[in-house]
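# A closer look at the structure
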Amino acid sequence: MAQEKLRKEETLAMRNRLIGQSCRLFYSEDPVKIVRARGQYLFDENGKRYLDCISNVQHVGHCHPAITKAAAAQMDVLNTNSRFLHDNIVLYADRLAATLPQKLCVFYFVNSGSEANDLALRLARQYTQHEDVVVLDHAYHGHLMSLIDISPYKFRKLAGQKEWVHVAPLPDTYRGIYREDHPDPGQAYADTVKDLIEDVHKKGRKISAFFAESLPSVGGQIILPQEYFPKVAEYVRSAGGVFVADEVQTGFGRVGHHFWAFQLQGDDFCPDIVTMGKPMGNGHPLACVATTAEIAGAFTANGVEYFNTFGGTPVSCAIGLAVLDVIVEEDLRGNAVRVGAHLKDLLTKLKARHEIIGDVRGVGLFLGIELVTDREKKTPATEADQICVSTDGPWENVLKFKPPMCFGMENAELVVQLQKHLTLTLQIITERSMCNINQKFISTNLPKTLEE
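How each quantity is defined
- Residues numbered from 1 in each chain as written.
- Predicted model: local features only at pLDDT ≥ 70, side-chain atom pairs only at ≥ 80, totals over all residues.
- Heavy atoms only, no water.
- Axes fitted to C-alpha atoms, helices over the stretch in contact; angles between N-to-C directions.
- Helix = DSSP H or I, 4+ residues; strand = E, 2+ residues; numbered from the N terminus.
- Parallel < 35°, antiparallel > 145°, perpendicular 65-115°, else oblique.
- Left-handed = near helix turned anticlockwise from the far one by under 90°.
- Contact = heavy atoms within 4.5 Å.
- Nonpolar A, V, L, I, M, F, W, Y, C, P; charged D, E, K, R; others polar.
- 1 Å grid on protein atoms, 1.4 Å probe; cavity = no way out; pocket = protein on both sides within 12 Å on 5 of 7 lines; lining within 4 Å.
- Points joined across faces, edges and corners; volume = space filled by probe spheres on them.
- Phe/Tyr/Trp six-rings, centres within 6.5 Å; stacked < 30°, edge-to-face > 60°.
- Buried < 20%, exposed > 50% of the residue type's maximum accessible area, 1.4 Å probe, protein only.
- Lys NZ or Arg CZ within 6 Å of the ring centre and 35° of its normal.
- Patch = residues over 30% accessible without salt bridge, like charges linked within 9 Å, V, L, I, M, F, W, Y side chains within 5 Å.
- Areas by Shrake-Rupley, 256 points an atom, 1.4 Å probe, with all protein chains shown as cover.
- Salt bridge = Lys/Arg side-chain N within 4 Å of Asp/Glu carboxyl O.
- Lys, Arg positive; Asp, Glu negative; His and termini not counted.
- Charge placed at Lys NZ, Arg CZ, Asp CG, Glu CD.
- Domains from an automatic or database assignment.
- Buried area = accessible area lost by both parts, 1.4 Å probe.
- Pairing = 2+ DSSP bridges.
- Expected span 1.5 Å × (residues − 1).

### Digging into the packing of helix α2 (residues 65-75) against helix α10 (residues 314-329)
The contact between α2 and α10 brings their axes to 9 Å, and the two run at 155 degrees. Compared by their axis directions, α2 and α10 come out roughly antiparallel. Between α2 and α10 the crossing geometry is right-handed. On α10, the residues touching A66, I67, A70, A71, Q74 and M75 of α2 are P314, V315, A318, I319, A322, V323 and V326. Residue classes in the contact of α2 with α10 are distributed as 12 nonpolar, 1 polar and no charged.

Here is the structure:
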């Protein structure tokens, strides 16, 4: 029996009736109904095409034929849980190990970045036998209760900060406490963590872990100063804790020259635990925790089996292997370097002509534009005059670019073209996340951007 096709109005009415209202839509005032996708493009029910600027989940491109083929082929043969012996999980773990520092050699497969970070928290506490966690201000690590507790972005809107959670300043060299003109911002920001740890010890508490996104995203697409991670790791390990690098949004070559964003901090730096998710399965729910043999051994020694029904199934790992193949075969890391540099250069030139652009930052296909009403004071432009992609940052004034890795030069040029044509009467619509490139810009209240 063919599935019934609903009119857009019917779909919206049913969603409003059946789906929790906290599950928000993009384009909430005039939702876009997407019915198919390919590469970096989305299509609505009328065939209108949209350029996707933020779907870092569909890492190698929407509906990539190689991924679809691998998933269907394995699903046609076997898909069962990982307690049965199977080749795919070990072959995939081996491929991932080849991208990581040698000491990160044990893997736990799960279904989402939230699950990965929750497991990382468990691993850290079991290994250190300590409870307290240090996190960065404005951080977001997932939607489970354990992760809301260590995500200032969330807990400040809810129950507040737990006594075992300690918040360090975000190492933002644009508007943070130590800026571009500081002689050594990496050391200065690391020392704030050192001071925080000392305060924790004075309270008779002990640190289990330092959690940080390798490139803070919700915090505003932040590029961390050099030597920050190595120095923080030194202080955290001296206190008996472990360093957890959250690569859920930034891993798998998005930064271009490196496979993992933490590698931007130097070849000698290695976290104790790395979590990964979103881009890993190109839209399929696949995530992972990588750690050391020592930490994994402590987790095993507690005598409690760890089991995840859908983590690391043959289908999931077949998809993961296919994603790794596409990254290599299509030189998507090289593409991130070339296209990301071109887009950053174009946006920097745009900054020179528009006072509202206070900062352009990023690496590879992880970019942000910070909007301000006053460059000298760096006043956030929270109700300003630009729209192209969705926003992040403490004041929702940082336009973020994290597109599928197949994003091309012509796409980068279109993004900048759209920026040029937006008028000074518009406001940021924070929930919109795709660029409509087939309809003329016709409204100052709900922008439709430009015709391609």
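### What to know about the layout of surface pockets
Computed from the structure, the second largest pocket encloses a volume of approximately 240 Å³. Every residue lining the second largest pocket is listed: S82, R83, I89, A93, F107, Y108, F109, E305, Y306, F307, N308 and G311. At 3 residues, strand β4 (residues 106-110) tops the list of elements feeding residues into the lining of the second largest pocket. The residue inventory of the lining of the second largest pocket, partitioned by class, reads 7 nonpolar, 3 polar and 2 charged.

### Let's talk about the packing of aromatic side chains
Going through the model one piece at a time under the given rule, you end up with 15 aromatic pairs. Aromatic pair Y108 and Y306: ring centres 6.1 Å apart, planes at 85 degrees, arrangement edge-to-face. On the criterion of sequence distance, the pair formed by Y108 in strand β4 and Y306 in the loop between α9 (293-301) and α10 is long-range, its members being 198 residues apart. Classification of Y108 as buried rests on a relative accessible area of 13%. In textbook terms, an aromatic cluster arises when at least three aromatic residues are bridged by ring pairs, as seen for F210, Y228, F229, F243, F262 and F269. Over the aromatic face of Y153 sits the side chain of K157, whose NZ or CZ is 4.4 Å from the ring centroid.

### Here we look at a negative patch on the surface
Together, D184, E227, D267 and D268 line one region of the surface with negative charge. With respect to the helices, strands and loops of the structure, E227 is situated in the loop between β7 (207-213) and α8 (228-238). By relative accessible area, E227 is classed as partly exposed at 40%.

### Side note on the domain arrangement of the protein
Per the domain assignment, the segments making up the protein are domain 1 (8-63 + 331-450) and domain 2 (65-329). Each of domain 1 and domain 2 has a C-alpha centre, and these two points are 26 Å apart. With 40 residues of domain 1 in contact, the opposing surface of domain 2 contributes 38 residues. Carbon and sulfur atoms make up 55% of the area that domain 1 and domain 2 hide from each other, which totals about 3,200 Å². Broken down residue by residue, the surface that domain 1 buries against domain 2 is led by R333, F366 and K378, which jointly contribute 24%.

### Brief notes about the sheet that holds β4
Taken in spatial order, the 7 strands line up as β4-β10-β9-β8-β7-β5-β6 in an open sheet, and their pairing is mixed. Both edges of this open sheet fall to β4 and β6 (165-168), since each of them pairs with a single strand only. Adjacent strand axes in the sheet meet at a mean angle of 20 degrees, parallel and antiparallel pairs treated alike. The pairing of strand β8 (residues 242-246) with strand β9 (residues 273-276) spans 3 bridges and is parallel.

### Things to note about the environment of V337
Take V337: it is sitting in helix α11 (residues 332-353). With a relative accessible area of 25%, V337 lands in the partly exposed category. Remark: the alpha-carbon pair of V337 and G364, spanning 27 residues in sequence, is separated by 4.9 Å. Among residues more than four places away in sequence, those in contact with V337 are G256 and H257.

### Looking at the pairing of β4
Burial analysis of β4 places 4 of its 5 residues in the buried class, which makes it a mostly covered element. Judged from the 5 bridges that link them, β4 and strand β10 (residues 287-291) form a sheet pairing that is antiparallel. Paired with Y108 across the bridge in β10 is V289.

### Structural notes on α11
Between the first and last C-alpha of α11 there are 31 Å, a value that for 22 residues agrees with the 32 Å anticipated at 1.5 Å per step. L332, G334, N335, A336, V339, G340, L343, L346, L347 and L350 are the residues of α11 that are buried.

### Re helix α4 (residues 113-128)
Taking 1.5 Å of rise per residue, the 16 residues of α4 would be expected to cover 22 Å, and the 22 Å separating its terminal C-alpha atoms lies within 8% of that figure. Residues of α4 that are buried: G113, S114, A116, N117, L119, A120, L121, L123, A124 and T128. Q129 lies just past α4 and shows a positive phi near 60 degrees.

### So, the environment of V289
Take V289: it is sitting in strand β10. For V289 and Y108, which are 181 residues apart along the polypeptide, the C-alpha to C-alpha distance reads 5.2 Å. Leaving out residues up to four positions away in the same chain, V289 has contacts with V106, F107, Y108, A116, L119, A120, L123, I273, V274 and T275.

### Comments concerning the pairing of β7
Across the 7 residues that make up β7, a large majority, 7, are buried. Both strand β5 (residues 132-136) and β7 contribute to a ladder of 3 bridges, which runs parallel. Bridge assignment links V134 to a residue of β7, and that residue is F210. Across 5 bridges, β7 lies against β8 in parallel orientation. What sits directly across from F211, in β8, is V244.

### Structural notes on the packing of helix α7 (residues 185-202) against α8
Taken N-terminus to C-terminus, the directions of α7 and α8 make an angle of 20 degrees; their axes are 8 Å apart at the nearest point. By the angle between their axes, α7 is roughly parallel relative to α8. Read as a crossing pair, α7 and α8 show a hand that is right-handed. Side by side, α7 and α8 meet where G186, Q187, Y189, A190, D191, V193, K194 and I197 of the first sit next to Y228, K231, V232, Y235 and V236 of the second. Grouping the constituent residues of the contact of α7 with α8 by class yields 8 nonpolar, 2 polar and 3 charged.

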